[in-house]
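# What the coordinates show
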Amino acid sequence: MSTDSGRPEGPNEGIPRANTWLLRTEHRDQQRSPVSFKSRSTREIRNLQMRKNISHATSTIREKRKKVVSEVENWEELRTRAAQIKQHTLSNLDFYLEEYERNVTEAGGQVHWARDATEARQIALELVRESGAQSVIKVKSMVTEEIGLNDFLVENGIEPTETDLAELICQLAGDESSHILVPAIHRNRVEIRDIFEATFAKKGTLEAEPSKIAEAARQHLREKFLESKVAITGGNFLVAETGSVAIVESEGNGRMCLTLPNNVISIVGIEKLIPTMEDLEVFLTLLPRSSTGERMNPYTTIWTGRPPAQLELGKETPFNEKSYHIILLDNGRTRVLSDEIGKQALSCIRCSACLNVCPVYERVGGHSYESVYPGPIGAILTPQLVGDPLAGELAFASTLCGACYEVCPVKINIPEILIHLRSIHSDHKRDTVLGNIERGSFGVVGIVMGNTNLFNIATASVSRILKYGGPVLNRVGKYLPPINGWIESRTLPAAPKETLRDAYRKGTLDALLKK
Amino acid sequence: MKVAIFPSCIVDTVFPEAGAAAIRLLERLGLDIDFPLEQTCCGQMHLNTGYETRAKKLAARHLTNFTPYDWVVGISTSCTTAVREFYPQLLGPTRAAVGGTGKFIELSEFLLDVLGVTELQGTFAKKVTFHTSCHSLRGIHLGDRPQRLLGMLSGIQLVPLPKSDSCCGFGGTFSIKNSAISTVMMEEKLANVYWTGAEVLTAADSSCLMNLSGGIQAAKKPLTVMHYAEILEIATRQTQGKLSNFSGAK
Ligand code: SF4
């Protein structure tokens, strides 16, 4: 791939177009248009109901998280350990992937390798077709969203049903998810009741109470569980030494999906691997406390290969009509792995703690990120998976306040990666006029700041600009991009008597002091 | 002990009163404070906006400017964070350590941890609320040091700011690039500030204060905004004789 100017795109070279299924931007000439966080978030932020819903939900979960985390004395040690395990596994990924494949195969499962979204979708479709099923039930999975699986199945005549409550709400409402753990976080209970009544429940029969809503969904899903031949799952962890997939969920629907249908297909990113069951213990301590603020996770299912064959009454040979398939997905991950700073993002265990503490996410909601992965993790993952030209803007969707890094259970230094991605982005901006203007200005400012004489002149002129230009700018600045947004709601500081350096030099510091 | 002040570009050009206050305060404690005039910018703005190469040059230059000093006292938490937390990544850990990033210290750390100040003779009879800047909290981990110092003054009424640790929305160029979000964050922060009924809003970071005071002025609220160093300086201005008890410069 190369840009109009014929220059290679550096870090985005060779990104297959298929990867862009994780974006939720417009399609233009069969191509996705780039993420526009600024304009989308400027629209979303006016949705006061959405902001209220998200702010309520995230502040509740923040408090819960804080409380249960403070109970664990060696929390910091555990975080460090988790980060080490992930880094170690990622540095030896080929080794552990082979070990994992061997163990799955030995346990009667079958491993499929998918280089990108296109391959993964195709493999999944063929497996569903082989089983003869017309429909599938699904356990909540970010990776199937990343590859746009549901739409693809529908296009091919297969009906997918989400069984996670929040995911089901989104599916029924035709909403895009807006949170990686609580996809319908932008909806409140009244809105959810209305969605149910507009789809499967009779009008006027449902109370807007969480327990009633959950019960209605349970009734609706029960049929599907019993009649489905195929379940499609994601996976929170892959354990190399046993060939197991661990699925962590709160409602029990995941366990039903794994145990009721005869055919289980898991689709999991290759970065989900950890070496041993003992390592899993570390993550199962960190994950529920970080994500839902619970001490222990309600339903943790560990699934290994195909269930053993059983001898059926009156038959000579053991009979097994069950099957287990796992599709291991790359979809850009090995390329991310080659970036020394950026690769930390692959340690993510999708706990969503970073979303819940992010002051930007809290105001603009998940849809503003125009990606399957929103919030701070989305801001570091999306640009790396789809490339800077399509999603580089997301790296600027942060004040670098550091709240995300502080809570991340695997210690991903999100601000560090954001800064790193910003510098990749500014290298690319040579292609646009505005980008060049910004680049040029920062270049000039950089030269001035690197030279004491020029800096002296510049600081003195800032005072002069504030003094003579300030009043004017305060009035007309709201029409002057790029400072218009600033001036609309703020007054420029008044000009000081003189700069600190001048006062120090002249011995007039006391004149600066407030009375 | 040779001590320099590193006020930051914003203080130097826009809020010099905060820098002057810090210098006078430290002098009252018996120290000689230098303002090395070759200092320009630490490079934070370039780094945060994605201009790493320029930032690297500025960082190297910044360290060289402070070579002769034992301590470099900062009064802007984000700038001290840039030097102490980001230089090692920008320049490499060895080069950063040899360059002396470890001697960059924030005013309250310097007063409490280096000088060992345990009391301050001074009065500030006002209702004050404190905004915890992101970098003071998560960058250099100041904890409640500035509030502890303010609490040593008599007459002061420190009122807690609800959600004090949530970001004020400035974020340097963020406030321009994503101004709509920045404005909402600032307004929510200010709503809480007004709710406290404080007469004075203070913080350990002039960038946050520039952002917030801009909003306060636009809203025409009668609230004074000042750096906590200014409060300490004003409170101790009239103190005769012994200003403080401290274990002394180490
Ligand atoms: S980046 Fe860290 S905090 Fe955010 S979802 Fe991933 S593991 Fe959780």
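All names here are of chain A. By the element assignment, glutamate 197 lies in helix H9 (residues 189-199). Glutamate 197 sits in the buried class, given a relative accessible area of 11%. Separated by 3.3 Å, the side chain of glutamate 197 and the backbone nitrogen of threonine 205 make a polar contact. For glutamate 197, the residues in contact, after removing those within four places along its chain, are Lys202, Lys203, Gly204, Thr205 and Leu206.

Right, let's get into the domain arrangement of chain B. Residue and element names in this part refer to chain B. Partitioning chain B into structural domains gives domain 1 (3-114) and domain 2 (127-236). For domain 1 versus domain 2, the distance between C-alpha centres works out to 21 Å. Listed as interface residues are 28 residues of domain 1 and, on the opposing side, 26 residues of domain 2. Both faces considered, domain 1 and domain 2 share a buried interface measuring about 2,200 Å² in area, 64% of it formed by carbon and sulfur atoms. The largest share of the area that domain 1 buries against domain 2 comes from Arg28, Thr77 and Leu112, three residues that together contribute 23% of it. Where domain 1 meets domain 2, there are two salt bridges. Where the side of domain 1 that touches domain 2 is concerned, the elements lending two or more residues are helix H1 (9-13), helix H2 (16-28), helix H3 (44-49), helix H5 (77-91) and helix H7 (107-114).

Before going further, it helps to spend a moment on the interface of chain A and chain B. Listed per partner, the contact involves 63 residues of chain A and 71 residues of chain B. In terms of surface lost to chain B, no three residues of chain A exceed A:Phe442, A:Leu500 and A:Lys514, which account for 13% of the buried area on that side. A salt bridge links B:Asp12 to A:Arg501, with the nearest nitrogen and oxygen atoms 2.7 Å apart. In terms of residues, the side of chain A that touches chain B owes the most to one element, helix H20 (residues 433-449) of chain A, which gives eight residues. The residue inventory of the side of chain A that touches chain B, partitioned by class, reads 28 nonpolar, 18 polar and 17 charged.

Residues and elements named next belong to chain B. Judged by pairing direction, the sheet is parallel, and its four strands sit side by side in the order E7-E6-E8-E9 without closing on themselves. Either end of the sheet is taken by a strand with one partner, and the two such strands are strand E7 (157-159) and strand E9 (224-227). Direction aside, the axes of adjacent strands within the sheet are offset by 35° on average. Two elements, strand E6 (residues 127-131) and E7, share three bridges in a ladder whose sense is parallel.

Residue and element names in this part refer to chain B. Phi is positive for histidine 141, which is not a glycine, with a value near 50°. As for its position among the elements, histidine 141 is in the loop between helix H8 (134-139) and helix H9 (145-151). If you check the backbone angles, lysine 220 has positive phi at about 55° while not being a glycine. In this fold, lysine 220 is placed in the loop between helix H12 (206-218) and E9.

Residue and element names in this part refer to chain A. In total, this model carries 36 salt bridges over all chains according to the counting rule given. Lysine 138 is the partner of glutamate 162 in a salt bridge, and the nearest nitrogen-oxygen pair spans 2.8 Å. Taken together, the positions of glutamate 162 in strand E5 (residues 159-162) and lysine 138 in strand E4 (residues 135-138) put the pair 24 residues apart, joining distant regions of the chain. Of the two residues, glutamate 162 and lysine 138, both sit in the buried class. Linking glutamate 340 and lysine 343 is a salt bridge whose minimum nitrogen-to-oxygen distance equals 3.5 Å. Look at glutamate 340 and you get exposed, because its relative accessible area is 59%. Beyond isolated ion pairs, a larger network of salt bridges with shared partners links Glu146, Glu271, Arg333 and Arg350.

Rules behind the numbers
- Residues numbered from 1 in each chain as written.
- Chains lettered and ligands numbered in written order.
- Predicted model: local features only at pLDDT ≥ 70, side-chain atom pairs only at ≥ 80, totals over all residues.
- Heavy atoms only, no water.
- Helix = DSSP H or I, 4+ residues; strand = E, 2+ residues; numbered from the N terminus.
- Buried < 20%, exposed > 50% of the residue type's maximum accessible area, 1.4 Å probe, protein only.
- Polar contact = N/O pair within 3.5 Å; in protein donor to acceptor, adjacent residues only side chain to side chain.
- Contact = heavy atoms within 4.5 Å.
- Domains from an automatic or database assignment.
- Buried area = accessible area lost by both parts, 1.4 Å probe.
- Salt bridge = Lys/Arg side-chain N within 4 Å of Asp/Glu carboxyl O.
- Nonpolar A, V, L, I, M, F, W, Y, C, P; charged D, E, K, R; others polar.
- Pairing = 2+ DSSP bridges.
- Axes fitted to C-alpha atoms, helices over the stretch in contact; angles between N-to-C directions.

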